[in-house]
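Residues per chain are reported as follows:
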Amino acid sequence: MIRLARWILPCTAMLAGPAHAGTDTAINVMAYGATGDGHTDDSRAIKAAFAAANATGGQITIHFPPTPGGGYLYCPASDPTLDITVPNVTLAGEGRASIILTCQTGADFIHVHPVKGPNLLGFQMRDIAIYATGANPVSGALLHLENVNTFKIAGSDLSAYYGGLFLDGAVHGTVTGTNITSDANFTRFAPASYLVKAGKSATGINTSEVHFDSMELRGQNGNNNLDSALLVTGIDGILLANPHIGFARYGIRIQPADDRAQVTGLVIRGGSLDTCGEDCLYVAAPDNSYHADFGAHDLDFAAIYNAGQNGIRWNLTSTGAVLWSRLNLSFGWQIGQSGIRFDQADHIVLSPGWVIQGVGMKVAPGRCTAATCSGIMLDNGSNNISIGDGTVARGLSPHGECAIGIATGVDTFTTGLIHNKGMTKGLCDTSTTAHKSTGTVLGW
């Protein structure tokens with residue numbers, strides 16, 4: 001009987017009101033008055049549950065039971081952000097049966113951060129769906145992890161209004177089985193909006209040692225109102241395994257937050273980029289003088305499909321430590337302009353075996369030149385570029401110009417054996433550098 005009672009007590013605690021300090025227990029939002037019927041505003045009850053967790057501290061779970069109706073509606077008139085400021089808090093639900101509907105459009109929904117000390121340990125979120133319902137968002141994230149250490153997000157769904165998941169100096173974490181999409185309430189373009197953002201916090205901590213596994217980062221079909229599916233602004237090592245990313249202006253945008261923000265160690269394994277309004281992978285410095293360390297990226301894409309401009313545009317040099325990066329592209333198809341454009345790029349290896357097909361799919365007739373519609377284009381002072389053997393094919397495009405284009409100021413590059421299948425020209429080389437080695441371009 002005593003042993004049985006030890007198991008009953010935690011279950012009973014889930015139905016109770018405020019927890020008491022020092023207990024390992026759970027807070028049930030329905031015990032604070034939440035209804036989950038989809039039309040009653042549950043803001044007061046949800047706020048009370050979060051306040052109780054912060055007051056309790058220690059090991060505690062905020063539980064969102066399956067909703068009897070359309071979900072937990074959260075639309076407060078003021079102070080919309082829910083803060084978690086104590087360690088080891090877990091948000092738990094029952095997947096899409098535990099839906100939270102939030103309607104604010106200008107602030108974070110949940111902000112996890114320390115109020116003292118360098119970081120906050122042990123945050124978790126599992127099996128919760130958070131859907132944004134506010135129209136035309138202007139700022140804020142659904143889940144903002146600031147200076148959080150050792151976190152886990154699993155089995156959840158986020159439908160973002162401006163930002164989805166903001167990793168702001170977050171370290172030692174995993175995100176598994178979680179899909180993040182943009183909400184249909186994007187009816188106009190939202191500058192700097194994102195589904196996942198990984199950056200450096202105000203206290204100088206880079207997001208690092210984070211593992212994403214098998215997730216979908218996807219905007220609304222074809223509306224191009226989302227700026228970036230994945231926005232990287234300050235990191236020191238994150239891994240994405242088998243992601244599907246797209247339906248945004250940029251699929252992945254690597255844009256250092258400032259001239260001193262380190263961006264090193266982005267690793268992608270088996271990812272695919274799909275339907276990008278401009279560039280599916282866009283790398284760009286904040287200005288022409290970037291001083292921080294950059295590189296050591298290992299980006300492996302199974303496919304890049306349907307890019308409005310370039311499949312990949314790499315436009316960054318650094319006066320800090322420039323580390324070699326590797327690109328591996330199995331297949332790029334239906335590209336607006338160039339399949340890959342190296343534009344002020346430095347220290348990059350493109351692995352052999354790449355295929356780019358359908359260059360120049362979306363541009364007007366006559367617009368394709370060596371500088372705009374090549375399979376691979378090198379321009380504007382790109383340096384230390386090594387291109388392995390690969391194939392450029394015209395495909396269904398009527399506009400394909402050059403298999404390989406080499407233009408202004410390019411220095412120190414090599415190319416392997418290039419197969420040209422139907423492009424108007426093989427090699428278009430207007431550079432004057434002496435430090436180059438171009439391989440054979442075979443045409444048929």
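All of these numbers come straight from a predicted model, not from anything done at the bench.

Caption draft 1: Summary view of the overall build of the protein chain. Assigned secondary structure in the protein chain consists of 2 helices and 41 strands. Here the C-alpha radius of gyration of the protein chain, 24 Å, is about what a compact globule of 444 residues would show, namely 22 Å. With the C-alpha coordinates of the protein chain rotated into their principal frame, the extents come out at 80 × 40 × 40 Å. For the protein chain, the residues scored as buried account for 56% of the 444 residues in total.

Caption draft 2: Quick peek at the nonpolar core. The biggest cluster of nonpolar side chains holds 113 residues, and the ones touching the most others in it are L145, L165, L281 and F342. With 6 residues, the single largest contributor to this core is helix α2 (residues 43-56). Leaving out residues up to four positions away in the same chain, F342 has contacts with W314, L327, I348, I376, M377, L378, D379, S382, I385 and I387.

Caption draft 3: Structural context of empty space enclosed by the protein. Evaluated as defined, the whole model comprises 1 cavity of 30 Å³ or more. For the lining of the largest cavity, the residue count by class is 3 nonpolar, 2 polar and 1 charged.

Caption draft 4: Quick look at the pairing of strand β31 (residues 346-350). Within β31, 4 of the 5 residues are buried, which leaves it mostly tucked inside the rest of the structure. Of the strand pairs in this sheet, β31 and strand β34 (residues 383-387) are connected by 4 bridges, and their pairing is parallel. Bridge pairing links L350 to I387 in β34.

Caption draft 5: Unusual backbone geometry, seen in detail. With a phi angle near 60°, N88 is a residue other than glycine that sits in the positive phi range. A positive phi angle, near 65°, is found at N306, a position not held by glycine. Relative accessible area serves as the criterion here: at 12%, N306 is assigned to the buried category.

Caption draft 6: Spatial organisation of the pattern of salt bridges. Counting across every chain of the model gives 12 salt bridges. Taking the shortest distance from any N to any O, the salt bridge between R313 and D343 comes out at 3.1 Å. Residue R313 is located in strand β27 (residues 312-315), and its partner D343 is located in strand β30 (residues 340-343); the two are separated by 30 residues in the primary sequence. Classification of R313 by relative accessible area gives partly exposed; the value is 22%.

Caption draft 7: Local environment of the environment of K421. Tracing the backbone through its elements, the reader meets K421 in strand β38 (residues 418-421). Placed 29 residues apart in sequence, K421 and V392 show a C-alpha to C-alpha distance of 6.1 Å.

Caption draft 8: Spotlight on α2. Relative to the 20 Å expected for 14 residues at 1.5 Å per residue, α2 spans 20 Å between its end C-alpha atoms, a close match to the ideal helical length. Of the residues making up α2, those classed as buried are S43, A45, I46, A49, F50, A52, A53 and T56. Directly after α2, the chain includes G57, whose backbone phi takes a positive value near 70°.

Caption draft 9: Up close: the pairing of strand β17 (residues 208-213). As defined by bridge partners, strand β14 (residues 171-176) adjoins β17 across 5 bridges and the pair is classed as parallel. When the bridges of β17 are listed, G173 appears paired with V210.

Caption draft 10: The side chain of D168, seen in detail. Counting through the fold element by element, D168 comes out in strand β13 (residues 163-168). For the buried D168, which has no salt bridge, the nearest side chain bearing the opposite charge is K197, at an N-O separation of 7.4 Å. Separated by 2.9 Å, the side chains of D168 and H144 make a polar contact. When near neighbours in sequence (up to four residues on either side) are disregarded, D168 contacts H144, L145, E146, N147, G199, K200, S201 and T207.

Caption draft 11: The arrangement of the confidence of the model for the protein chain in detail. Looking at the protein chain as a whole, the pLDDT averages 88, with 91% of positions reaching at least 70. In this model, residues 1-23 is a region of pLDDT below 50 whose contacts with residues beyond four sequence positions or in other chains number 22 contacts.

What counts, and at which threshold
- Residues numbered from 1 in each chain as written.
- Predicted model: local features only at pLDDT ≥ 70, side-chain atom pairs only at ≥ 80, totals over all residues.
- Heavy atoms only, no water.
- Helix = DSSP H or I, 4+ residues; strand = E, 2+ residues; numbered from the N terminus.
- Rg over C-alpha atoms; globule rule 2.2 N^0.38 Å.
- Buried < 20%, exposed > 50% of the residue type's maximum accessible area, 1.4 Å probe, protein only.
- Core = buried A, V, L, I, M, F, W, Y, C linked by side-chain atoms within 4.5 Å.
- Contact = heavy atoms within 4.5 Å.
- 1 Å grid on protein atoms, 1.4 Å probe; cavity = no way out; pocket = protein on both sides within 12 Å on 5 of 7 lines; lining within 4 Å.
- Points joined across faces, edges and corners; volume = space filled by probe spheres on them.
- Nonpolar A, V, L, I, M, F, W, Y, C, P; charged D, E, K, R; others polar.
- Pairing = 2+ DSSP bridges.
- Salt bridge = Lys/Arg side-chain N within 4 Å of Asp/Glu carboxyl O.
- Expected span 1.5 Å × (residues − 1).
- Lys, Arg positive; Asp, Glu negative; His and termini not counted.
- Polar contact = N/O pair within 3.5 Å; in protein donor to acceptor, adjacent residues only side chain to side chain.
- pLDDT = per-residue confidence, 0-100.

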